[in-house]
Amino acid sequence: MCAAVLAVGLAAAPAHASAAGAPAPPHAAGWALKDTGKEVRFRGLAAVGRGTAWVAGSKGTVLRTVDGGRSWQDVSPPGAVAEGLELRDIEAFDARRAVALSIGEGEASRVLRTEDGGATWTETFRNPDPRAFYDCLTFFDPRHGLAMSDPVDGKFRILSTDDGGRSWRVLPDAGMPQALPGEAGFAASGQCLVSAGPRDVWLATGGGAAARVLHSADRGLTWRAAESTVPAGDPARGVFALAFRDRTQGLAVGGDYRTGQASPQAAAVSGDGGRSWRQAASPPPAYRSGAAWYPYSRGTALAVGPTGTDVTLDGGRSWRPLDGGSFDTVDCAPDTGCWAAGEKGRVARLERR
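Reading guide: rules and limits
Residues numbered from 1 in each chain as written. Predicted model: local features only at pLDDT ≥ 70, side-chain atom pairs only at ≥ 80, totals over all residues. Heavy atoms only, no water. Disulfide = S-S within 2.5 Å. Helix = DSSP H or I, 4+ residues; strand = E, 2+ residues; numbered from the N terminus. Pairing = 2+ DSSP bridges. Axes fitted to C-alpha atoms, helices over the stretch in contact; angles between N-to-C directions.

Student: Please set out the state of the cysteines residue by residue, giving values where relevant.
Tutor: The tally for this structure, following the rule as stated, stands at two disulfides. Put simply, Cys136 and Cys192 are joined by a disulfide, and their sulfur atoms are 2.0 Å apart. In this structure, the disulfide formed by Cys136 and Cys192 twists by about 120° around the S-S bond and is classed as right-handed. Taken together, the residues Cys136 in strand E10 (residues 133-139) and Cys192 in the loop between strand E13 (169-170) and strand E14 (193-196) connect sequence positions 56 residues apart. Disulfide pairing places Cys332 opposite Cys338 at an S-S distance of 2.0 Å. On the sign convention where negative means left-handed, the S-S torsion of about 110° between Cys332 and Cys338 marks this disulfide as right-handed.

Below, the structure written as structure tokens:
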């Protein structure tokens, strides 16, 4: 693939707001495609930094780069490749440690972990319940993490680890509200379950009468549900991705994933930790499946989908086009390294013009 860069003005944060050694956001940047040599669809993405990123996708594929996308290592788990597992989420702590989630009914939902850059993988969870279907994974820190399943017995199921993904247990559901008829999560970008800080986590839903966001402030033990403004009422509509800059400022994006279907009101914003949501005044023009905040900026974030990328400079109130290429997921690292991934092996990094 040749590089494709579209210039766009991004709001620059003050230089003093950056982390040590991290550059301030660029005034003009765009996606630069990186040749992965693959044709699979990458819906799982973990941005460790400008140099290091992991992607996970169909046919059990996992790739890793440590040189900014100039080259990619195929570090796919052999068992996942042999069984053609759908790896829809990956969380990486650094260039060597990562946890990946495969989706599907029953035993197709699994968690795999590596400590050596993908040279070897260990299966640490295989779902024994045919009624469960795990969609997304998130970590609060290198030890504590959660995974979520579509409702079982009328409630979303939460899986928990406190040892970095080496072992998992299903949390009690007494603190989980009842799911709406037809309500579920979307395993579209690894962002239907996201966390911020040491204890706060949010879960995105669709398919029911309302597209809701569930919030827990105690690592998944108790939850409170709030309706978003993103339309639902159909199995193909709802909130597909969440992004929280901190424990109060959040974004929700989604719509109708069916090709050619209109997706009005495809973005919402929250300033109170997800307790309430308001519609974006100027939302993205179509369905969006992934979102990420740009580090050290007050209001800059990205949203991606099959028909393009949009950027907001005002915290999600208004969005404008950035790029017309297809991506499913986006993630930004603390050093301001932002990556996107999607169909036909497409992976890109946000770069200065």
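Student: An account of the sheet that holds strand E25 (residues 320-323) is needed here, citing residue identities and associated values.
Tutor: Whether parallel or antiparallel, the strands of a sheet pair through hydrogen bonds between backbone atoms. Strands sit in the order E22-E23-E24-E25 across an open sheet of four strands; the sheet is antiparallel. For this open sheet the edge positions go to strand E22 (290-293) and E25, each flanked by a neighbour on one side alone. Here the average twist between neighbouring strands, direction ignored, is 30°. When E22 meets strand E23 (residues 301-305), the two strands line up antiparallel, connected through four bridges. Its bridge partner lying in E23, Gly290 is registered against Val304.

Note that all results are geometric; they support no functional claim without further evidence.
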